[in-house]
Amino acid sequence: MTVSAAYPERRRTWWQKIWEARAAYLFILPAYIPFIVFVLYPLLNGLRLSFYEAGVNKAKWRFIGFDNFVRLFTRDDVFIIALKNTFLFVLIVVPVVVVISIFLAVIVYPLPRAAQSFVRMSFYMPVVSGGVVLAMVWIWIFNRDFGLLNYLLEAVGFYQLLGIPKIGWLAQTETALLSLAMVVISWSIGQPLILFLAALGNISEELYDAAKIDGASGWQIFWKITLPLLQPTTLFVLVTTTINVFQVFVVVLLMTLGGPANATQTIVYRIYENAFVFYKYGYGAAMGVVLLIIVGSIAYFQFKLLGQEVEY
Amino acid sequence: MADFTVSQAKAERLQLQKAVWSARLTRLLWWLAVLVVIVGSLLSLMPIYWMITGSFKVQHDAIAYPPELFPTHPTLKNWERLLAGMPTLRWLLNSFIAASGVALLGVITSTLAGYAFGKKRFPGQNLLFWLLLLTMMLPKQISLIPLFIMMRDLKWFDTYFALIIPYAAYPFGIFLVKQFMQGIPNDLLDAAKIDGASEFGVFWHVVLPLTKPAVGALAIFAFMFGWNDYIWQLVVTNKQTMLTLPVGVSKLVAGWATIDIGVGMAGATLAFIPMLVIFLLFQDYFVKGITVGAVKG
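Computed from a predicted structure; not experimentally measured.

1. Regarding the overall build of chain A
Line of reasoning, step 1. Tallying secondary structure elements over chain A gives 17 helices and two strands in all.
Line of reasoning, step 2. Looking at the 312 residues of chain A, the share that counts as buried comes to 53%.
Line of reasoning, step 3. Contacts spanning at least 24 positions in sequence make up 65% of the contacts within chain A whose residues lie at least 6 apart.
Line of reasoning, step 4. Total accessible area computed for chain A in this model is approximately 15,500 Å², and 66% of it derives from carbon and sulfur atoms.
Line of reasoning, step 5. For chain A, the distance from the average position of its 21 positive side-chain charges to the average position of its 16 negative side-chain charges is 12 Å.

2. Some details on the pattern of salt bridges
Two side chains with opposite charge may pair up if their charged atoms get near one another.
Line of reasoning, step 1. Counting across every chain of the model gives eight salt bridges over all chains.
Line of reasoning, step 2. Between Glu273 of chain A and Arg270 of chain A there is a salt bridge; the shortest N-O distance is 2.7 Å. Here Arg270 of chain A and Glu273 of chain A lie together in helix α16 (residues 267-276), a separation of three residues that amounts to about one turn.
Line of reasoning, step 3. Glu273 of chain A sits in the buried class, given a relative accessible area of 17%.
Line of reasoning, step 4. By relative accessible area, which is 7% here, Arg270 of chain A ends up buried.
Line of reasoning, step 5. Ionic pairing is found between Asp260 of chain B and Arg81 of chain B, a salt bridge with its closest N-O pair at 3.1 Å. Remark: Arg81 of chain B occurs in helix α3 (residues 77-85) and Asp260 of chain B occurs in the loop between α13 (245-250) and α14 (261-281); sequence separation between them is 179 residues.
Line of reasoning, step 6. By relative accessible area, Asp260 of chain B is classed as buried at 15%.

3. Some thoughts on the interface of chain B and chain A
Line of reasoning, step 1. Residue-level contacts link 94 residues of chain B with 93 residues of chain A.
Line of reasoning, step 2. Carbon and sulfur atoms make up 83% of the area that chain B and chain A hide from each other, which totals about 8,100 Å².
Line of reasoning, step 3. Area buried by chain B at its contact with chain A is led by Tyr65, Ile142 and Ile145 of chain B, which between them contribute 9% of it.
Line of reasoning, step 4. Viewed at the interface, chain A and chain B are joined by one salt bridge.
Line of reasoning, step 5. A salt bridge links Asp153 of chain B to Lys58 of chain A, with the nearest nitrogen and oxygen atoms 2.5 Å apart.
Line of reasoning, step 6. Our count for the chain B to chain A interface comes out at 10 residue pairs in polar contact (both at pLDDT 80 or more).
Line of reasoning, step 7. In terms of residue count, helix α1 (residues 2-54) of chain B provides more of the side of chain B that touches chain A than any other element does, 16 residues in total.
Line of reasoning, step 8. Looking at the side of chain B that touches chain A residue by residue, the classes come out as 73 nonpolar, 13 polar and eight charged.

4. Points about the packing of helix α6 (residues 113-129) of chain A against helix α11 (residues 190-201) of chain A
Residue and element names in this part refer to chain A.
Line of reasoning, step 1. Viewed as axis vectors pointing N to C, α6 and α11 meet at an angle of 150°, and their least axial separation amounts to 7 Å. Between α6, through Gln116, Val119, Arg120, Phe123, Tyr124 and Val127, and α11, the contact on the second element is made entirely by Gly190, Gln191, Leu193, Ile194 and Leu197.
Line of reasoning, step 2. Taken together, the residues of the contact of α6 with α11 break down into seven nonpolar, three polar and one charged.

5. Things to note about the packing of aromatic side chains
All names here are of chain B.
Line of reasoning, step 1. The full count for this structure, using the stated rule, is 47 aromatic pairs over all chains.
Line of reasoning, step 2. Geometrically, the ring pair formed by Trp156 and Phe161 is stacked, given 5.2 Å between the ring centres and 25° between the ring planes.
Line of reasoning, step 3. The buried category is assigned to Trp156, whose relative accessible area is 18%.
Line of reasoning, step 4. For the ring pair Phe282 and Tyr285, a centre distance of 5.9 Å and an interplane angle of 55° mean the geometry is tilted.
Line of reasoning, step 5. On the basis of relative accessible area, Tyr285 is assigned to the partly exposed category, the value being 30%.

6. Examining the environment of Trp50 of chain B
Line of reasoning, step 1. Assignment of secondary structure puts Trp50 of chain B in helix α1.
Line of reasoning, step 2. According to the relative accessible area criterion, Trp50 of chain B is buried, its value standing at 2%.
Line of reasoning, step 3. Separated by 157 residues in sequence, Trp50 of chain B and Val207 of chain B have C-alpha atoms that sit 46 Å apart.
Line of reasoning, step 4. When near neighbours in sequence (up to four residues on either side) are disregarded, Trp50 of chain B contacts Val137, Trp140, Ile141 and Leu148 of chain A together with Lys57, Pro67, Glu68 and Leu69 of chain B.

7. Overview of the nonpolar core
Line of reasoning, step 1. Residues Tyr124 and Met255 of chain A together with Phe117 of chain B are the most contacted members of the largest nonpolar core, which totals 204 residues.
Line of reasoning, step 2. A per-element tally of this core places helix α5 (residues 77-108) of chain A first, with 13 residues.
Line of reasoning, step 3. Counting contributing residues per domain, this core is built from domain 1 (2-54) and domain 2 (79-294) of chain B, each supplying no fewer than three.
Line of reasoning, step 4. Tyr124 of chain A has contacts with Gly190, Gln191 and Ile194 of chain A together with Phe221, Met224, Phe279, Phe286 and Ile290 of chain B, leaving out every residue within four places of it along the chain.

8. Looking at the domain arrangement of chain B
Residue and element names in this part refer to chain B.
Line of reasoning, step 1. Examined at the domain level, chain B breaks down into domain 1 (2-54) and domain 2 (79-294).
Line of reasoning, step 2. The straight-line distance from the C-alpha centre of domain 1 to that of domain 2 is 44 Å.
Line of reasoning, step 3. Across the contact, four residues belong to domain 1 and five residues belong to domain 2.
Line of reasoning, step 4. At the boundary of domain 1 with domain 2, total buried surface from both sides reaches about 410 Å², with 81% on carbon and sulfur atoms.
Line of reasoning, step 5. In this assembly, domain 1 and domain 2 are joined by zero salt bridges.
Line of reasoning, step 6. Seen at the junction of domain 1 and domain 2, the total is zero residue pairs in polar contact (both at pLDDT 80 or more).
Line of reasoning, step 7. Classifying every residue of the side of domain 1 that touches domain 2 gives three nonpolar, one polar and no charged.

Calculation notes
- Residues numbered from 1 in each chain as written.
- Chains lettered and ligands numbered in written order.
- Predicted model: local features only at pLDDT ≥ 70, side-chain atom pairs only at ≥ 80, totals over all residues.
- Heavy atoms only, no water.
- Helix = DSSP H or I, 4+ residues; strand = E, 2+ residues; numbered from the N terminus.
- Buried < 20%, exposed > 50% of the residue type's maximum accessible area, 1.4 Å probe, protein only.
- Contact = heavy atoms within 4.5 Å.
- Areas by Shrake-Rupley, 256 points an atom, 1.4 Å probe, with all protein chains shown as cover.
- Lys, Arg positive; Asp, Glu negative; His and termini not counted.
- Charge placed at Lys NZ, Arg CZ, Asp CG, Glu CD.
- Salt bridge = Lys/Arg side-chain N within 4 Å of Asp/Glu carboxyl O.
- Buried area = accessible area lost by both parts, 1.4 Å probe.
- Polar contact = N/O pair within 3.5 Å; in protein donor to acceptor, adjacent residues only side chain to side chain.
- Nonpolar A, V, L, I, M, F, W, Y, C, P; charged D, E, K, R; others polar.
- Axes fitted to C-alpha atoms, helices over the stretch in contact; angles between N-to-C directions.
- Phe/Tyr/Trp six-rings, centres within 6.5 Å; stacked < 30°, edge-to-face > 60°.
- Core = buried A, V, L, I, M, F, W, Y, C linked by side-chain atoms within 4.5 Å.
- Domains from an automatic or database assignment.

Next up, the structure:
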């Protein structure tokens, strides 16, 4: 005791503290070196690149200030379309994913364990199979003449009811983006569903019992107890789904190539095409910066708006 | 007085009846909702069923209308053409090497770093950790191009290095391990230190054995990530023999006009099977990884 009193905590210098914790730094080093080299450095380099006119030949790279950004917003119509499409896409997919996964979780949770894990497995299967596999199947399913979707829609009387000819889902400008959204929704539910089921498991039974004794209906219990207690999970799902969906790419590349008539252009598809098809690295990087700013600020506001009501 | 009790009883009975009816209505709605969930689950599995059965359909049946819900003339021709006409098995091997490499490196670096972040105190800890989290959340397209140029300068195109090394640091894994290790009581670590264990000994003999569930989940997620990381594998590979399975198979889409649908479905099925097996074997790890990873840090 007297020893530690003789060397009070605050008298140790910064360097001494670092030296004493050297083991900890050694432990993080194997992760942090590649993190700096392959994550942090390229990130900063991407920021730098966005101010350059940069092609394949490094010797010809040229600093051009904000020209890339000015061009993006004043002279690149396709990018503006891609920007609108991406926002529309997020606005369609994210609410649907959140609502469906909460609905599924609430309905499935009281069911027997076997039923619960069957539903969970069914919705997680598309996550496991990955975008490429699903995109390939869905191209076939969406086909106007021999696709499964049109067959099912005809079977339930969809076309007869509306009195319209069969739709070529990916080939028509009105439906192409919606069709891609459907595919992305199909693989975005699995993870939130698992999270909501786990969160429901953490709500104490006593709370429900108390509410029932007070005569609350199932509907009231859902709105007044379940939903508020799910809020931290809802926030997490909302933010992660938004971030993921903003980066929609695989479905565009494999299913529509941005068409028809630019109806399915998205930001990341523009980045891919500019950088890896046209070799405009600087211009592509500028789009990456725009995406980063959009996603970063939206995630920030989601946390700000919803996070303050969450009690941890 | 008598009138009053009669009307009161009547009112009570009416109320009871109303309650019974509303309970019945709720039950009915509930079963309807369950029905919707069942239909939804089946719809969610439908594309996978369609893909697998499609791989056994001859082209004539694949484009038949109305579609065949089950192949009436099952054939193995698509599979033969997939396996004989393309370096498909090489793609499969490449995907395995890439995904295993990502998983192995991810496990090593993440357990070490996760241990330091979860169980040690050191200057700059919060900053270093938040930096990891931040880059985990943000879209990585901005670093895609510089990383691609770096691979070019290193001459790593069409090598396993390009498919594995950039993912040596796996922020999600570090986060997962940290969350898990925080739950291990410090007394255990202190006891081992008093017994004379080295810093690494404490990690290796005490902490790591207790972290097995998290390490399992981490390995599986890293593997799945390495298997499905399409855009990166697409841009850093070009040589036929260095493509990964999803990349190789996806190139069939460009030839839809000339390639039978069944061949494409066989390719998609082949890319799906390894992940399916892993998922079915380690389902609990998936659930664990997702739920632990989402708890606030």
